[in-house]
Amino acid sequence: MSANQSEYDYVVIGAGAAGSIVAGETAAAGYRVLLLEAGLEVSPDNNDVWDPTRWNEVLKDPAFEIGFESTKQAHLDNRILQLLQSKGLGGCQIHNAMVYVRGGRSTYDHWANELGCAGWSYQELVPFFQQIETTVGISPPPASAFGDALIAAFGRVGLPFNPGYNEGPTEYGSVPFQFTVDAEGPRRTTSYQKYIAARSLPTLTVQPGCFVRRLILGRGVPIVEYTNAEGEIVAVQPVGEVVLAAGAIASPAILLRSGVGNAQALEKLGIATQCDLPAVGQNFYDDLGVGVIVGPNNIPMDAQRYGYIGVGAFATASGEAPQPVPGYGEVNIEIQISTSSLPGALEPKPPFPPLSYVLIGSSSLHLKSRGTVTLATADPAAKPVVDPGWLSDPEDWNRVLAALGLVYRIASDTELAAAGGWHPLPFMPVNPKFPLFPIEIAEAWIRLTGLTVQHYVGSCAMGTDVKTSVVDPTTLSVHGVPGLRVIDASVAPTPVTGNTAGVSMLIGAKGASLLLGKGGKRG
Ligand SMILES: Cc1cc2nc3c(=O)[nH]c(=O)nc-3n(C[C@H](O)[C@H](O)[C@H](O)COP(=O)(O)OP(=O)(O)OC[C@H]3O[C@@H](n4cnc5c(N)ncnc54)[C@H](O)[C@@H]3O)c2cc1C
């Protein structure tokens, strides 16, 4: 195995939401960039990927799935949950639900003002969001009668209509979701498609089917050791830097395999410590989802065009309206609704009978529980051990119960039920007399059905304290490791208000500008 030392300025690992922007922008500036991606290219004819109505079908395709899973979750009936993570040119944007959420201005102001992340205030980030929105393409689905009925129902539970949840001062209220979809087609968009495939980038080399095993450190710029598409173990060493953009589960795992992490833990695995950085893999976070289904329905089959019905909501666990510009974490529930009208929608499992249904789902946002990404073995081929730690902080129980309560009120709304032609199902914990439903049943329902909403962040958090963070906010360089940056969802130091493709692309765009800031355009 020999390392090629001169061919590339940068090696970017992972062609997902963030890595595609880093590779595309640095190559557009004239740098010689190698983009290594574990998964394969997506054929332009693969309708399961590109047709937004076929979201359920692409989710089932093993060709695009890495297959991570959680450890047994003590507070969710000891269940092991699948942690979906797509692989391929496009990363999780190949199979995500396409909802586009910036993440809340208070989130970014919290990072800048309270967590010492200089340069990450919302106002400073707006130009990056605008660049992403123009480049990737954002569109609302067409209006529908069911969407209108939902807006009215959200109003009846106290959530005002808020058409500008991304650009406006608050996310709070019922919202017409924006989606990363080209309205023409319509066709799913990804940052890989728009920042790379749609451009002429002669200095970019894209190598799909390449699994990065580890980095070899201590010999100048990191050497990237990977298994190539032919199954050979090879290595490459750029002249500039290595950018890790493998996502919030794989990026910390690659760092740990490379000897960057808690020295004691690495020693136990027989991995030589290159940099004792205890925060690697700590602070892992995912929102928790819980919902109810109602049915049968007579919703027109064209009601759901994309991953979710086009109307959703952002709410507060307290039930109170937040300030006009909400404080950090104040808006902490997201409601997303889907129906069995989408091809390939999940069938309820026995003992539930097959039926058409509406799933009213909530994501509890800004929870306190934190988890970990660790290794069980030094073997680079082994999957990391992921413990999201859902509900490990007892305070989160009330928050998730409040989210279930809100879902339950919407499900019990008689006017909405009349509009959708549904009734609350007898086997669901829906009691029209909310909030007097028995708390034990609600808790048991959460333990039995609570699930990941795949909003993984935080495991390589940015910050200035080397004991509690992994990368420097002003560069996204790994503390104490020359020539190495992490630029993906893992560097978000806290959860954001909502889905995470937006913040991941933001980190990609801002990270690319930080990387280019050093040299600007290549001469
Ligand atoms: C089922 C699902 C639905 C979702 N729905 C939404 C939604 O509607 N809206 C939203 O905003 N967000 C959604 N998300 C989340 C969002 O897509 C992710 O937060 C975002 O894509 C993360 O971006 P990233 O760049 O950090 O990583 P990713 O986009 O996950 O990209 C990481 C890339 O690194 C590659 N990689 C990993 N390990 C290696 C290795 N060892 N060597 C080489 N390459 C490697 C992977 O194959 C992958 O392509 C969803 C996620 C899932 C799984």
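The rules behind these values
Residues numbered from 1 in each chain as written. Predicted model: local features only at pLDDT ≥ 70, side-chain atom pairs only at ≥ 80, totals over all residues. Heavy atoms only, no water. Helix = DSSP H or I, 4+ residues; strand = E, 2+ residues; numbered from the N terminus. Buried < 20%, exposed > 50% of the residue type's maximum accessible area, 1.4 Å probe, protein only. Contact = heavy atoms within 4.5 Å. Polar contact = N/O pair within 3.5 Å; in protein donor to acceptor, adjacent residues only side chain to side chain. Near = heavy atom within 4 Å. Areas by Shrake-Rupley, 256 points an atom, 1.4 Å probe, with all protein chains shown as cover. Nonpolar A, V, L, I, M, F, W, Y, C, P; charged D, E, K, R; others polar. Pairing = 2+ DSSP bridges. Axes fitted to C-alpha atoms, helices over the stretch in contact; angles between N-to-C directions. Phe/Tyr/Trp six-rings, centres within 6.5 Å; stacked < 30°, edge-to-face > 60°. Lys NZ or Arg CZ within 6 Å of the ring centre and 35° of its normal. Core = buried A, V, L, I, M, F, W, Y, C linked by side-chain atoms within 4.5 Å. Parallel < 35°, antiparallel > 145°, perpendicular 65-115°, else oblique.

*Asks:* How should the environment of Ile337 be read in this particular structure?
*Replies:* Tracing the sequence through the fold places Ile337 in strand 20 (residues 333-339). Given the relative accessible area of 0%, Ile337 is considered buried. In the structure, Ile337 is positioned 312 residues away from Glu25 in sequence and 35 Å away in space, judged by C-alpha atoms. Excluding residues that lie within four positions of it along the chain, Ile337 makes contacts with Phe146, Leu150, Phe154, Tyr308, Ile309, Val358, Leu359 and Ile360.

*Asks:* Whenever I open this one, the side chain of Ser86 confuses me. Can you help?
*Replies:* Tracing the chain through its elements places Ser86 in the loop between strand 5 (82-83) and strand 6 (99-100). By relative accessible area, which is 2% here, Ser86 ends up buried. Reaching out from Ser86, the side chain makes a polar contact with the backbone oxygen of Phe64 at a distance of 2.9 Å. Ignoring sequence-local partners within four residues, the contact set of Ser86 consists of Phe64, Glu65, Ile66, Gly91, Cys92, Ile94 and His95.

*Asks:* Can you help me understand the site of the ligand in this one?
*Replies:* Neighbouring residues of the ligand: 36 residues in total, closest Glu37, Gln85, Val99, Thr500 and Ala501. Take Ala38: an N or O atom from its main chain is 3.1 Å from a nitrogen atom of the ligand. For the ligand, whose accessible area on its own is 1,000 Å², the fraction buried by protein is 97%. Counted by class, the shell around the ligand contains 19 nonpolar, 14 polar and three charged residues.

*Asks:* How do you make sense of the sheet that holds strand 3 (residues 33-36) when you look at a structure like this?
*Replies:* In a beta sheet, neighbouring strands pair by backbone hydrogen bonds and run either parallel or antiparallel. Here five strands make up an open sheet; going across it, the order is 11-3-2-15-26 and the pairing parallel. With partners counted over all chains shown, the strands left at the sheet margins are strand 11 (204-207) and strand 26 (484-486), one partner each. With direction set aside, neighbouring strand axes in the sheet form an average angle of 15°. Sheet analysis places strand 2 (residues 10-13) next to strand 15 (residues 241-244), joined by four bridges and oriented parallel. Paired with Val11 across the two strands is Val242, which belongs to strand 15.

*Asks:* Even after reading the chapter, I still don't get the packing of aromatic side chains, so can you show me in this structure?
*Replies:* For any pair of aromatic rings, the description consists of the separation of the ring centres together with the inter-plane angle of the planes. In total, this model carries twelve aromatic pairs according to the counting rule given. Geometrically, the ring pair formed by Phe179 and Tyr306 is edge-to-face, given 4.9 Å between the ring centres and 70° between the ring planes. Of this pair, Phe179 sits in strand 8 (residues 178-179) while Tyr306 sits in the loop between strand 18 (288-295) and strand 19 (311-315), placing them 127 residues apart in sequence. The residues Phe179 and Tyr306 share a single accessibility class, namely buried. On the basis of an interplanar angle of 25° and a centroid distance of 5.9 Å, the ring pair of Phe284 and Tyr456 is categorised as stacked. You can see Phe284 sitting in the loop between strand 17 (275-276) and strand 18 and its partner Tyr456 sitting in the loop between strand 25 (451-452) and strand 26, a full 172 residues away along the chain. What makes Tyr456 buried here is its relative accessible area of 6%. Just above the ring of Trp120 sits the side chain of Lys510; from NZ or CZ to the centre is 5.4 Å.

*Asks:* Explanation requested: the nonpolar core in the structure shown.
*Replies:* The nonpolar side chains of a soluble globular protein tend to be buried with one another. Within the largest apolar cluster, 155 residues are counted, with the highest numbers of intra-cluster contacts made by Val224, Ile335 and Ile360. With nine residues, helix 10 (residues 395-411) is the single largest residue contributor to this core. The contact partners of Ile335, leaving out residues within four places of it in the chain, are Phe154, Phe177, Gly312, Ala313, Ile360, Gly361, Ser362, Leu406, Val407 and Ile410.

*Asks:* Just checking my understanding: could you explain the packing of helix 4 (residues 105-113) against helix 5 (residues 122-136) for this structure?
*Replies:* Pairs of packed helices are described in terms of their axes, by the angle between the two and the distance that separates them. Here helix 4 crosses helix 5 at 125°, and the two axes come no closer than 9 Å. Between helix 4 and helix 5, the angle is such that the two are oblique. Between helix 4 and helix 5, the contacting residues are Arg105, Tyr108 and Asp109 on the first element and Tyr122, Gln123, Leu125 and Phe129 on the second. Grouping the amino acids of the contact of helix 4 with helix 5 by side-chain chemistry returns four nonpolar, one polar and two charged.

*Asks:* Teacher, can you tell me more about unusual backbone geometry here?
*Replies:* Here the amide bond leading from Gly185 into Pro186 is cis, since omega sits at -15°, within 30 degrees of zero. With respect to the secondary-structure elements, Pro186 resides in the loop between strand 9 (181-182) and strand 10 (187-188). Here Asn78, not a glycine, exhibits a phi torsion of approximately 60°, which is positive. As for its position among the elements, Asn78 is in the loop between strand 4 (68-69) and strand 5. Overall, Asn78 belongs to the partly exposed group, its relative accessible area being 47%. Its identity is not glycine, yet Gln454 carries a phi of approximately 55°, on the positive side. With respect to the secondary-structure elements, Gln454 resides in the loop between strand 25 and strand 26. The exposure class assigned to Gln454 is partly exposed, which follows from its relative accessible area of 34%.

*Asks:* I keep staring at the packing of helix 10 against helix 12 (residues 439-449) and nothing clicks. Help me out?
*Replies:* Direction vectors running N to C along helix 10 and helix 12 enclose 95°, while the axes themselves pass 10 Å from each other. It follows from the interaxial angle that helix 10 and helix 12 lie roughly perpendicular. Contacts from Trp397, Val400, Leu401 and Leu404 in helix 10 reach Ile439, Ala442, Glu443, Trp445, Ile446 and Arg447 in helix 12. Considered class by class, the residues forming the contact of helix 10 with helix 12 number eight nonpolar, no polar and two charged.

*Asks:* Sorry if this is basic, but what is going on with the pairing of strand 14 (residues 233-236) here?
*Replies:* In regular strands, side chains alternate between the two faces of the sheet. Pairing of strand 13 (residues 223-227) with strand 14 involves four bridges; the strand directions are antiparallel. For Thr227, the partnering residue across the bridge sits in strand 14 and is Ile233. Taking the residues that link successive antiparallel strands as the turn, the strand 13-strand 14 hairpin has five residues, and the phi of Gly231 there is positive, at about 90°.

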